[in-house]
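# A look at the structure
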Amino acid sequence: MARIGVFVCHCGTNIAANVDCAAVAQAAQRMPHVVFATDYKYMCSEPGQKLIQDRIASEHLDGVVVASCSPRMHEPTFRRAAAAAGVNPYRMEMANLREQVSWVHNDRRIATAKAIDIVSMLVAKVTRDEALRPGRAELSKRLLIIGGGIAGIQASLDVANAGYEVTLVERTPTIGGKMAMLDKTFPTLDCSACILTPLMVDVAQHPKITLRTSAEVTQVKGFVGNFDVTIRQHARYVDHQICTGCGTCWTKCPVKDIVAEFDQGMGTRTAIYIPFPQAIPNKPVIDADNCRYLAFRRAQQEQGTAQGLSAADAAKLKPVGSDGKRLPQCQICQKMCPTGAITWEQTDEVLTERFGAIIVASGYDLFPVGGDLPAAEGAAGLLDVTPRRSYGEYGYGELPDVITALQLERLMNASGPTKGEVVRPSDGKHPHTVVFIACVGSRDEKVGRPYCSKICCMYTAKQAIMLKEHDPSLQSYVFYMDIRAGGRGYDEFIRRAQEAYGTQYLRGRVSRIYRQGEHLIVQGYDGLIGRPVEIEADLVVLATGVTAASGAVELMQTLGISYDQYGFINEAHVKLRPVETNTAGIYLAGCAAGPKDIPETVAQASAAAVKVAGLFARPFIETEPTIAEADARRCVACHLCEEVCPFGAISFVALRDGRQVAQVNAAVCKGCGLCVAGCRGHAMFLHGFSDQQILAEVDALFARPLWLNVREMAPQGVGGVAECGLSAGRGGA
């Protein structure tokens, strides 16, 4: 005979405000198999857990129901408490009275009756709970970090310094991310390169870190402790093993007019290049799309194929371009290289490696000003697909002196295209009046970005200060919606820009920017004085907001982790598990989960590293026992379970008689139950959620009449609800 104890938590006033907890405990005392029931203000506290453990011992309980908050929050807590007292942790059930009752009901009588219903269901279930035991799986103590910005760099160094192997994958030719593009950082105005460059060098030289730039993750299989990851290493056409980074090749390359991505289009680069002088690795790559010799070879292949020639004969062709002229066979970099590091035959390499954990630090992009807006819903509910440009009134892309904040950052940077000299792109003259426009691509429903990007107010103030230091006669104006400077020393920094550096802040939006002579006319509105304003500016800077990195959604789908409508990763729990994802063994850091500044990003990267180090400190992985299991006697190999499984946990194996039957990988299965619901032959079984357990809950729910008049539930006995019935509240809920 089962001996069940029920413990009802007040959760302060979170539950007790709308639920009569004493009445719930009194009603539970009369339920079948319940030998003890009580209520307590904070059941998750140390005294509350001790109360549970003491009663398990004194009442000889073999099952426990804790009526409190969501199992997502405290199920591990109460399982540990039950296990410490000798009860199998999987014979502890939680009734969610906070999210499912108190927070969604205002009528105390209805909420109390519903709470009694839920407790009765869990009591019925726990009497049929199995004494489950967690399984074990091997653990590969190697970490994969996706993204080589400051978050990926910090996490890789922390984990490597803990003694574990790390592979850092970055899709661009260098690590450093957006921070490498900055001149100074707020609020201290430290040199960004002075902070970042030593860390980049440490990554390159650390014996426990393998750095893979110009590489991407294309496939992830497996589970926590055993992820099999496919990495595509893109061809660089330079052998980094023998290249010394001397610079001869890129100084001699004749193709010098390629728009430099790292400089945000404000400068140019060669076809063989390093993105910036402090790049790591400090060795070049060849841009296959713009290299003359690689274009020559592609033309050979294309024209040879068109003529039906063999590869050997095609290699002898002298192809011509669209203008009818012969394409040049450049190869100057190969001729000038003193170590023979140029390798034209290099191709993409596909690698498959096993890792125990993954940290996603994929970073962010900035809002694409001037890009196409998403289709809008028209009055008739149809999509209006008329092409529309975002912030076309600002003239970005048409007026050369309207630039983004990151472009201004590259102009101010000593390693930028102008060597730190701030000039107007249109004529190379120094600007004397600069207008900043905040919240471009942030807090704007019209462009699908209603959220705040968190860093724009601060970097706008930083740039206004830096411009004044570059030229004391320069005047800056900032059009803003609200100033959001939440951080240590942040509000003081904004005031410093206003008071010490004379930056004028105008609360309002800009309606139009147009050219008049050599200047830009900025028309806007100042809500503080209540009238339109017009400023004659030399340069306009758009403070663009943070968006998810390009390709982020595809990466999340590859990893099998959830993300929001903006492409940012969803945390497993925003407060209690802020660096974990919903997939065990995959962690997050930095702006992959939303806008963050540098200090917050570094802190989160170190937090993710600690989680990984804690995982790797274990000798093996413990797997949850509440997973599916296949009954080989009933399986007919219809493969429907395999199709519906979102985690790829089901495969098929052959028995000795030749039959194919389903097999569940215990380490991968998450116990979602889709396979059980989909199986036509009832061959799938979910431990902890058997048909008998679920039917017992249903029987308990319908043990009394479904519809009762709430008015008849007059306050009686302890707490105001006596013989109200287990299902008394559902009619009015």
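Overview of the structure. (Residues numbered from 1 in each chain as written. Predicted model: local features only at pLDDT ≥ 70, side-chain atom pairs only at ≥ 80, totals over all residues. Heavy atoms only, no water.)

### Observations regarding the overall build of the protein
A count of helical and extended segments in the protein gives 18 helices and 36 strands. By its C-alpha atoms, the protein is 90 × 80 × 55 Å across when sized along the principal axes. The burial tally for the protein puts 50% of its 733 residues in the buried class. Long-range contacts, defined here as pairs at least 24 residues apart, represent 68% of the contacts in the protein between residues at least 6 apart. (Helix = DSSP H or I, 4+ residues; strand = E, 2+ residues; numbered from the N terminus. Buried < 20%, exposed > 50% of the residue type's maximum accessible area, 1.4 Å probe, protein only. Contact = heavy atoms within 4.5 Å.)

### A look at the pattern of salt bridges
Overall, the coordinates contain 34 salt bridges when judged by the stated rule. When the shortest N-O distance is used, the salt bridge between Glu261 and Arg269 registers 2.9 Å. The class for Arg269 is buried, based on a relative accessible area of 10%. Among the salt bridges present, the one from Asp538 reaches Arg424, with a minimum N-O distance of 4.0 Å. Of this pair, Asp538 sits in the loop between β28 (531–537) and β29 (539–544) while Arg424 is found in the loop between α11 (405–412) and β23 (433–440), placing the two residues 114 residues apart along the sequence. Take Asp538: its relative accessible area is 8%, and that puts it in the buried class. With relative accessibility at 4%, the residue Arg424 sits in the buried group. The network of salt bridges with common partners includes Asp401, Arg424, Asp427, Arg515 and Asp538. (Salt bridge = Lys/Arg side-chain N within 4 Å of Asp/Glu carboxyl O.)

### Some details on the pairing of strand β27 (residues 519–526)
Across 6 bridges, the pairing between strand β26 (residues 510–516) and β27 is antiparallel. Paired with Gln516 across the bridge in β27 is His519. Between the antiparallel neighbours β26 and β27 lie 2 residues, among them Gly517 with a positive phi of about 70 degrees. Bridging between β27 and β28 involves 7 bridges; their strand directions are antiparallel. Looking across to β28, one finds that Ile521 is bridged to Glu536. Linking two consecutive strands that pair antiparallel, namely β27 and β28, is a turn of 4 residues; a positive phi of about 75 degrees is found at Gly530 within it. (Pairing = 2+ DSSP bridges.)

### Overview of the environment of Pro275
With respect to the helices, strands and loops of the structure, Pro275 is situated in the loop between β15 (272–273) and β16 (285–286). In sequence terms Pro275 and Pro187 are 88 residues apart; their C-alpha atoms lie 27 Å from each other.

### Let's talk about helix α15 (residues 598–616)
For α15, spanning 19 residues, the distance from its first C-alpha to its last is 27 Å, which sits close to the expected 27 Å at 1.5 Å a residue. Taken together, the buried positions of α15 are occupied by Thr601, Gln604, Ala605, Ala608, Ala609, Val612, Leu615 and Phe616. All buried residues of α15 lie within an arc of 145 degrees about the axis, which places them on one face of the element. Residues of α15 that are buried sit in contact with β6 (142–146), α5 (150–161), β18 (357–360), β31 (586–588) and β32 (621–623). Measuring from the side-chain oxygen of the N-cap residue of α15 to the backbone nitrogen of Glu600 gives 3.0 Å; that N-cap residue is Asp597. (Expected span 1.5 Å × (residues − 1). Arc of directions from axis to C-beta. Polar contact = N/O pair within 3.5 Å; in protein donor to acceptor, adjacent residues only side chain to side chain.)

### Topic: the sheet that holds strand β17 (residues 349–355)
Spatially, 3 strands are ordered β11-β12-β17 in an open sheet, and the strand pairing comes out antiparallel. One side of each edge strand has no neighbouring strand; the edge strands of this open sheet are β11 (215–223) and β17. Along the sheet, successive strands turn relative to each other by an average axial angle of 20 degrees, direction set aside. Alignment of strand β12 (residues 226–233) against β17, held across 7 bridges, turns out to be antiparallel. Directly across from Arg232, in β17, lies its bridge partner Val350. (Axes fitted to C-alpha atoms, helices over the stretch in contact; angles between N-to-C directions.)

### Focus: the nonpolar core
One finds Leu143, Ile359 and Ile650 to be the most contacted residues of the largest nonpolar core, which totals 64 residues. In terms of residue count, α5 provides more of this core than any other element does, 7 residues in total. Listed in part, the 60 residues of the second largest apolar core include Phe227, Met412, Ile465 and Phe568. (Core = buried A, V, L, I, M, F, W, Y, C linked by side-chain atoms within 4.5 Å.)

### Considering the packing of helix α2 (residues 46–59) against helix α3 (residues 71–84)
Interaxial distance between α2 and α3 falls to 9 Å at its minimum, and their mutual angle equals 35 degrees. Both α2 and α3 take part in a crossing whose hand is right-handed. Contacts between α2 and α3 pair Gln49, Ile52, Gln53 and Ile56 from the former with Thr77, Phe78, Ala81, Ala82 and Ala84 from the latter. When the residues that make up the contact of α2 with α3 are grouped by side-chain class, the tally is 6 nonpolar, 3 polar and no charged. (Left-handed = near helix turned anticlockwise from the far one by under 90°. Nonpolar A, V, L, I, M, F, W, Y, C, P; charged D, E, K, R; others polar.)

### Notes on the sheet that holds β29
Reading across the sheet, the 5 strands line up as β22-β29-β23-β24-β25 and stay open at both edges, with parallel pairing between neighbours. Each of the sheet's edge strands pairs with one partner strand only, and the pair in question is β22 (402–404) and β25 (504–507). Going from strand to strand, the sheet's axes swing by 25 degrees on average, the running direction of each strand aside. With 4 bridges connecting them, strand β24 (residues 475–480) and β25 associate as parallel partners. When the sheet's bridge partners are listed, Phe479 is paired in β25 with Leu506. Packed on one face of the sheet, α11 meets β22, β23 and β29 and runs near 85 degrees to β22. With respect to the sheet, helix α12 (residues 456–470) is in contact with β23, β24, β25 and β29, its orientation differing from that of β29 by roughly 150 degrees.

Honestly, that's just the spatial picture; any functional story needs more than this.
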